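Structural characterization, general
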Amino acid sequence: MSFKRELESFLLALTFFTRIPVPVRLEYSLEGLSRASRYFGLVGTLVGLVSALVFYVAQLAFPPSIAVVLAMVTSVLFTGGFHEDGLADTADGFGGAFERERKLDIMKDSRLGSYGVLALVLALLLKFQLLSELALYSASSVVGALILGHTLSRAFAASFIFSHSYARADEASKTKPLAQSMHWDEVLFLMLSAAVVCLLLTGIGATLVILAVLFVTRTLLGRWQKRHIGGYTGDTLGASQQILELVLYLVLLLLWSRS
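Please read these numbers as outputs of a predicted model, since none were measured by experiment.

A few points about the overall build of the protein
Helix and strand counts for the protein stand at 13 helices and 0 strands. Computed over the C-alpha atoms, the radius of gyration of the protein is 18 Å, within 12% of the 18 Å expected from 2.2 N^0.38 for a compact globule of 259 residues. Burial analysis of the protein (259 residues in total) assigns 53% to the buried set. Pairs at least 24 apart in sequence give 77% of the contacts found in the protein among residues at least 6 apart. For the protein, the accessible area works out to roughly 12400 Å², and carbon and sulfur atoms hold 67% of it. Of the charged side chains in the protein, 21 are positive and 19 negative, and the gap between their average positions amounts to 3 Å.

Overview of the side chain of Gln242
With respect to the secondary-structure elements, Gln242 resides in helix H13 (residues 234–257). The residues contacting Gln242, other than those within four sequence positions of it, are His83, Glu84, Leu87 and Lys127.

As for empty space enclosed by the protein
For the structure shown, the criterion picks out 3 cavities of 30 Å³ or more. Lining the largest cavity are 13 residues, and of these Phe17, His83, Ala157, Ala158 and Leu237 lie nearest its centre. Broken down by secondary-structure element, the contributors of at least two residues to the lining of the largest cavity are helix H5 (82–96), helix H8 (139–158) and H13. A total of 4 residues in the lining of the largest cavity trace back to one element, the largest contributor, which is H13. For the lining of the largest cavity, the residue count by class is 7 nonpolar, 5 polar and 1 charged.

Things to note about the packing of aromatic side chains
Counted under the stated rule, the structure contains 9 aromatic pairs. Between Phe16 and Phe17 the ring centres are 5.0 Å apart and the planes differ by 80°, which places this aromatic pair in the edge-to-face class. With a relative accessible area of 11%, Phe16 lands in the buried category. Where Phe94 meets Trp224, the ring centres are 4.9 Å apart and the plane angle is 75°; that geometry is what we call edge-to-face. Here Phe94, found in helix H5, pairs with Trp224, found in helix H12 (residues 204–229); they are 130 residues apart in sequence, far enough to count as distant. The exposure class of Phe94 is buried, given its relative accessible area of 8%. In textbook terms, an aromatic cluster arises when at least three aromatic residues are bridged by ring pairs, as seen for Phe16, Phe17, Phe40 and Phe82. The positively charged end of Arg38 is found above the aromatic ring belonging to Phe189, 5.8 Å away from the centroid.

So, the nonpolar core
If you look at the biggest cluster of nonpolar residues, it comprises 62 residues, and the most contacted ones within it are Phe40, Phe55, Leu131, Leu146, Leu152, Ile210 and Leu214. Counting residues in each nonpolar core, the second largest holds 5 residues, with Leu104, Met107, Ala167 and Ile229 among its members.

Observations regarding the pattern of salt bridges
Going through the model one piece at a time under the given rule, you end up with 6 salt bridges. Residues joined in a network through salt bridges with shared partners are Glu6, Arg38, Asp185 and Glu186.

Side note on helix H3 (residues 40–58)
Taking 1.5 Å of rise per residue, the 19 residues of H3 would be expected to cover 27 Å, and the 27 Å separating its terminal C-alpha atoms lies within 8% of that figure. Taken together, the buried positions of H3 are occupied by Phe40, Gly41, Val43, Gly44, Thr45, Val47, Gly48, Ser51, Ala52, Phe55 and Ala58.

Concerning a nonpolar patch on the surface
On the surface, Leu53, Tyr56, Val57 and Leu60 cluster together into a nonpolar patch covering about 430 Å² of accessible area. In this structure, Tyr56 sits in helix H3.

Concerning the packing of helix H7 (residues 114–135) against H8
Contact pair H7 / H8: the axes reach a minimum separation of 7 Å and the direction vectors enclose 140°. Taken as axis vectors, H7 and H8 run oblique relative to one another. The two elements H7 and H8 meet at a crossing, and its hand is right-handed. Only Ser141, Val142, Ala145 and Leu146 of H8 make contact with H7, whose side of the interface consists of Leu131, Leu134 and Ala135. Grouping the constituent residues of the contact of H7 with H8 by class yields 6 nonpolar, 1 polar and no charged.

Cut-offs and rules
- The numbers attached to residues start from 1 for each chain and follow its sequence in the written order.
- Two thresholds apply to this predicted model, a pLDDT of at least 70 for residue-level local features and 80 or more for giving and counting side-chain atom pairs, whereas whole-chain, interface and lining totals are computed over all residues.
- Hydrogens and water molecules were not included; the side-chain quantities draw on all heavy atoms of the structure.
- Under the DSSP-based scheme used, a helix requires at least four consecutive residues in state H or I and a strand at least two consecutive residues in state E, with every element numbered from the N terminus.
- Our radius of gyration looks at C-alpha atoms and nothing else; its globule reference is 2.2 Å times the residue count to the power 0.38.
- The buried label goes to any residue with under 20% of its type's maximum accessible area, the exposed label to any with over 50%, and the partly exposed label to all in between, with areas taken from a 1.4 Å probe on protein chains only.
- In what follows, a contact means two residues having at least one pair of non-hydrogen atoms within 4.5 Å.
- Per-residue accessibility takes into account occlusion by the displayed protein chains alone, with areas from the Shrake-Rupley method and a 1.4 Å probe.
- Positive charges are assigned to Lys and Arg, negative charges to Asp and Glu, while His and the chain termini are left out of the count.
- Think of each charge as sitting on NZ of Lys, CZ of Arg, CG of Asp or CD of Glu.
- Only protein atoms enter the 1 Å grid used here, on which a cavity is any set of points holding a 1.4 Å probe that cannot leave and a pocket is any open set flanked by protein within 12 Å on both sides along at least five of seven lines; residues with an atom within 4 Å of a point are listed as lining.
- Grid points are joined across faces, edges and corners, and a volume is the space filled by probe spheres set on the points.
- Gly falls in the polar group here, along with every residue not listed as nonpolar (Ala, Val, Leu, Ile, Met, Phe, Trp, Tyr, Cys, Pro) or charged (Asp, Glu, Lys, Arg).
- Aromatic rings from Phe, Tyr and Trp, with only the six-membered ring used for Trp, were paired whenever their centres fell within 6.5 Å, and each pair was classed as stacked if the ring planes differed by under 30 degrees, edge-to-face if by over 60, and tilted otherwise.
- Note on geometry: a ring has a charge over it if NZ (lysine) or CZ (arginine) is within 6 Å of the ring centre and within 35 degrees of the ring normal.
- Residues belong to a common nonpolar core when they are buried Ala, Val, Leu, Ile, Met, Phe, Trp, Tyr or Cys residues joined through side-chain atoms within 4.5 Å.
- Here a salt bridge means any side-chain nitrogen of Lys or Arg lying within 4 Å of a carboxyl oxygen belonging to Asp or Glu.
- Each helix should span, by expectation, one fewer than its residue count multiplied by 1.5 Å.
- Patch rule: a residue counts if its relative accessible area is over 30% and it has no salt bridge; like charges are joined within 9 Å, and nonpolar side chains (Val, Leu, Ile, Met, Phe, Trp, Tyr) within 5 Å.
- Lines fitted to C-alpha atoms define the axes here, with helix axes fitted over just the stretch in contact, and angles between the N-to-C directions of these axes take values from 0 to 180 degrees.
- In what follows, roughly perpendicular refers to angles from 65 to 115 degrees, roughly parallel to angles under 35, roughly antiparallel to angles over 145, and oblique to any angle outside these ranges.
- Take the far helix as the reference: if the near one is turned anticlockwise from it by less than a right angle, the crossing is left-handed, and if turned clockwise, right-handed.

Laid out in structure tokens, this is it:
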């Protein structure tokens, strides 16, 4: 394992899921994307750190609710709304048809339907409310929540690439190369790195509770996707990330309100 190759893998993961420019030219390949998948959680850590920094600085001058909105805007700008788009497309597809192929066709359509609008509005509203409630305890609560939310949700969502089948038979999705090439070492590093971040920010007891709840949520999401389309797509990975992030904020609110 060379440092240069691992750095290139991290930068590849960064370009795959964010709009952050990198200073080097990267070669896209099946093997490279496979290695990069181990860093998806840490890419979330970076997004969370930047969002948390924006929140912390903003709350020094503005009400916490405004700081929360600015942090949410920051994360969307950094990722290009990649995961939010997946949530909307998944809601449109799963809600707008009964047949598997029709659902997949709707999810590929760039137009936004009523189910997608409802899912986006409700998800963003809940995210804002949860973070605002956490801000009532302390600014550090929101800082920790943002870092954990972006890290753990991406790690758990990305793990579907290892354990579940890709639902499309065509070449339409940019996640297809990853779907066929995540190995044990990638998924192990992915989950361990997320667990370490959680341990550092919450401690052993809270980490065990958080990981258990997210694992149960992941299991339910996996069954939900399989029932509708027989597996996952890039859109359902995005939807899973958004749902897992919201569940994590709910768990943190329950834990920290009792501490």
